[in-house]
Amino acid sequence: MVEAVRWFPDEVGRNEGEVAFLERLRREASGWDVEGLSPEDDTSSQLWLVPLYLDVDVPGLTIRRRTLQVGYWTGGPLGQALQGVWGDDYLLDDHDGNDPEDLTVVGVRASHEDYAEWAGAWLLRQLQRPVVREEWLAGDRVVAATWRLDDTGRVLARHGSSSRRFLRRRADRVVAVR
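Attention in this report is confined to the structure presented alongside it.

Counted residue by residue, strand S4 (residues 81-87) has seven buried out of seven residues, so it is predominantly covered. Alternating positions in S4 separate into two faces, Ala81, Gln83, Val85 and Gly87 on one and Leu82, Gly84 and Trp86 on the other, with burial throughout. Relative to S4, strand S3 (residues 67-73) is paired through seven bridges, and the arrangement is antiparallel. Bridge pairing in S4 links Gly71 to Gln83. Sheet analysis places S4 next to strand S5 (residues 103-106), joined by four bridges and oriented antiparallel. When the sheet's bridge partners are listed, Gly84 is paired in S5 with Leu103.

The next subject is the packing of aromatic side chains. Counted according to the given criterion, the structure contains four aromatic pairs. Centroid distance Phe21 to Tyr72: 4.2 Å. Interplanar angle 10°. Geometry classified as stacked. In this pair, Phe21 is assigned in helix H1 (residues 16-30) and Tyr72 in strand S3, connecting sequence segments 51 residues apart. Each member of the pair, Phe21 as well as Tyr72, is classed as buried. Ring pairing ties together the aromatic residues Phe21, Tyr72, Tyr115 and Trp118, which thus form one cluster.

Moving on, we come to the pairing of strand S2 (residues 52-57). Residues in a regular strand point their side chains to alternate faces of the sheet. Counting buried positions along S2 yields five of six residues, so the element is predominantly enclosed. Bridge count between S2 and S3: six bridges; the pairing is antiparallel. Across the sheet, Tyr53 pairs through a bridge with Gly71, a residue of S3.

Before going further, it helps to examine the nonpolar core. Phe21, Trp32, Leu68, Leu82 and Leu127 are the most contacted members of the largest nonpolar core, which has 34 residues in total. Counting only elements with at least two residues in this core, the list comes to H1, S2, S3, S4, S5, helix H3 (112-127), strand S7 (141-149) and strand S8 (155-159). Considering every element that reaches this core, the biggest residue donor is H3, with six residues. Contact partners of Trp32, with chain neighbours within four places excluded, come to Trp7, Leu37, Gly120, Leu123, Leu124 and Leu127.

Right, let's talk about the pattern of salt bridges for a bit. This structure, assessed with the given rule, holds 13 salt bridges. Among the ionic pairs, Glu134 bridges to Arg148, the shortest N-O distance being 2.5 Å. With a gap of 14 residues between them, Glu134 in strand S6 (residues 131-138) and Arg148 in strand S7 connect regions that are remote in the sequence. With a relative accessible area of 23%, Arg148 lands in the partly exposed category. One continuous salt-bridge network, built from bridges that share partners, spans Asp99, Glu101, Asp102, Arg129, Asp151 and Arg154.

Taking 1.5 Å of rise per residue, the 16 residues of H3 would be expected to cover 22 Å, and the 22 Å separating its terminal C-alpha atoms lies within 8% of that figure. Every buried residue belonging to H3 is among Tyr115, Ala116, Ala119, Gly120, Trp122, Leu123, Gln126 and Leu127, and all of these are buried. Buried residues of H3, seen end-on, are gathered within an arc of 165° and therefore sit on one face of the element. Buried residues along H3 sit against H1, S2, S3, S4 and S5.

In spatial order, the strands read S8-S7-S6-S9; together these four strands make up an open sheet with antiparallel pairing. Two strands bound the open sheet, and with one partner strand each, they are S8 and strand S9 (173-176). For this sheet, the mean angle separating the axes of adjacent strands, direction not counted, is 20°. In terms of strand pairing, S7 meets S8 through four bridges, oriented antiparallel. Residue pairing for S8: Ala145 is matched across the bridge by His159.

Quick notes on the rules
- Residues numbered from 1 in each chain as written.
- Predicted model: local features only at pLDDT ≥ 70, side-chain atom pairs only at ≥ 80, totals over all residues.
- Heavy atoms only, no water.
- Buried < 20%, exposed > 50% of the residue type's maximum accessible area, 1.4 Å probe, protein only.
- Helix = DSSP H or I, 4+ residues; strand = E, 2+ residues; numbered from the N terminus.
- Pairing = 2+ DSSP bridges.
- Phe/Tyr/Trp six-rings, centres within 6.5 Å; stacked < 30°, edge-to-face > 60°.
- Core = buried A, V, L, I, M, F, W, Y, C linked by side-chain atoms within 4.5 Å.
- Contact = heavy atoms within 4.5 Å.
- Salt bridge = Lys/Arg side-chain N within 4 Å of Asp/Glu carboxyl O.
- Expected span 1.5 Å × (residues − 1).
- Arc of directions from axis to C-beta.
- Axes fitted to C-alpha atoms, helices over the stretch in contact; angles between N-to-C directions.

And the structure:
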């Protein structure tokens, strides 16, 4: 018997709330139609963390460890809470509750399934956003680059040893990444 491919396959949930959240989020994710995204290759979780932590690798990005991160608390000092952010190696540290691009739900009494729907909608919206890579050249060589969300201009990452000097001028080339 072949086991079905599951979204966030490493996580089972530590309590009834996490289990309900995961079941609903998996149902939401099963309807996602994002080119290059696969459940086992691009989604993961950390079993040892509080909150319940999940991340999604964004297909097509060559940026080292730039993922979509979601944290869900079933309880604690803030009660139920949900955070989502374009993150890096440090889990949820880039989250800013005042940033409208980040997902922040605190102080809302709702079911675990509602929280999962909000997380799923935010993740899908982020996965569908266009990303461009801007490149600054010295001859034929790329000496600096940025990856940006094309709809808002938010910089996801920078690369290059002298990127400040080059970033003062307009990019030599802009490439649609996704």
